[in-house]
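Next come the chains, spelled out residue by residue.
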Amino acid sequence: MIKSMTGFGRGKYENEGREYIVEIKSVNHKYSDVSVKLPRQISYLEENVRKEITKKISRGKIDVFVTMQDYSDKGKAIKINTEIAKVYISELKQLAEETGISSNIEIMDISRLPEVLNISNEENEELYWKELQVALNEALDRFVSMREVEGSKICEDFKLRIDRIKEKVSYISSFSAGLVEEYIVKLNTRVKELMKTDIIDENRLAQEIVIFSDKSSIQEELTRLNSHISQFLDLIDNANGPIGKKCDFIIQEMNREVNTIGSKANSMDISKGVIELKTEIEDIREQIQNIE
């Protein structure tokens, strides 16, 4: 199934006073670029989150935002940094002596100073990851689902445009078949006008026709173009994983054949068909930039 590179997913999990919210969004990108933003208390889980993301997403600029609230007391331990507290007290007493203000220092005042009291969650590290995964997987499922829905719409658009391309190829093919016959008539007429006689060197005429046929024949290009169309349809119908780069390559090859047809075209009708072909191919190429 084709997947778009744009999408959004949100997941939430609550348990015993702990709440996790995960939001994932992505936009087009040539490669895979994953950015993860976590609260400081669970920042050590960044690599875990990144690995889970890359298991299901191969391409795109992906931003992951995680918020967490922990109101439970499970696994928490309060530690007092005694050395830091003593330095604070010493410095505050010295300041009081130098300025002549009261040095009545309360223990609660010291506890509020930076890095004096620390809450440790070391015992909760495995628990946090286990619970965060629930929210992360929910967000991922919704995210991937949205990308698949968008990818399905893009696939439908591809098929509509490919149908138009097939019509244009058939249109060009119908005109190319009569180019040589048309050239023979024109050449005969032109030679008679120049020579002012009905007697024509048939050998010379045949040589000119062979040269023209070789230069103007587009049957090989049409055959390869039809082959590329079949490959493209087979690829989008049987997509299993990222196909954006493969699609882009096939479209480039299609465009190359159309350019060659245009350079060989000796007919206004064929030139018109080539312009319409290039328009459809360019529209497909732009859409390909949106798929994984």
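Residues numbered from 1 in each chain as written. Predicted model: local features only at pLDDT ≥ 70, side-chain atom pairs only at ≥ 80, totals over all residues. Heavy atoms only, no water.

Overview of the environment of T82
Item 1. Mapping T82 onto the fold places it in helix α2 (residues 82-99).
Item 2. Distance in space between the C-alpha atoms of T82 and E115 is 10.0 Å, their sequence separation being 33 residues. (Helix = DSSP H or I, 4+ residues; strand = E, 2+ residues; numbered from the N terminus.)

Thoughts on the pattern of salt bridges
Item 1. Throughout the structure, instances matching the rule amount to 23 salt bridges.
Item 2. In this structure, K12 and E19 form a salt bridge, with 3.7 Å as the shortest nitrogen-oxygen distance.
Item 3. Judged by its relative accessible area of 23%, E19 is partly exposed.
Item 4. In this structure, K55 engages E52 in a salt bridge whose closest nitrogen and oxygen atoms are separated by 3.1 Å. Taken together, the residues K55 and E52, both in helix α1 (residues 46-56) and 3 residues apart, mark about one turn of the helix.
Item 5. A residue is classified by how much of its surface remains accessible, and K55, at 63% relative accessible area, is exposed.
Item 6. The network of salt bridges with common partners includes D157, R161, R164, E280 and D283. (Salt bridge = Lys/Arg side-chain N within 4 Å of Asp/Glu carboxyl O. Buried < 20%, exposed > 50% of the residue type's maximum accessible area, 1.4 Å probe, protein only.)

What about the sheet that holds strand β3 (residues 32-37)?
Item 1. The mixed open sheet is built from 4 strands, whose spatial order is β1-β2-β4-β3. Two strands bound the open sheet, and with one partner strand each, they are β1 (7-15) and β3. Ignoring strand direction, the axes of neighbouring strands in this sheet form an average angle of 10°.
Item 2. By the bridge criterion, 9 bridges tie β1 to strand β2 (residues 18-27) in an arrangement that is antiparallel. (Pairing = 2+ DSSP bridges. Axes fitted to C-alpha atoms, helices over the stretch in contact; angles between N-to-C directions.)

Here we look at the packing of aromatic side chains
Item 1. Under the criterion given, the structure shown has 2 aromatic pairs.
Item 2. Each ring, one from F158 and one from F232, has its centre 5.4 Å from the other, and the planes form 75°; the classification is edge-to-face. Here F158, found in helix α4 (residues 125-176), pairs with F232, found in helix α7 (residues 219-237); they are 74 residues apart in sequence, far enough to count as distant. When sorted by exposure, F158 lands in the same class as F232, which is buried. (Phe/Tyr/Trp six-rings, centres within 6.5 Å; stacked < 30°, edge-to-face > 60°.)

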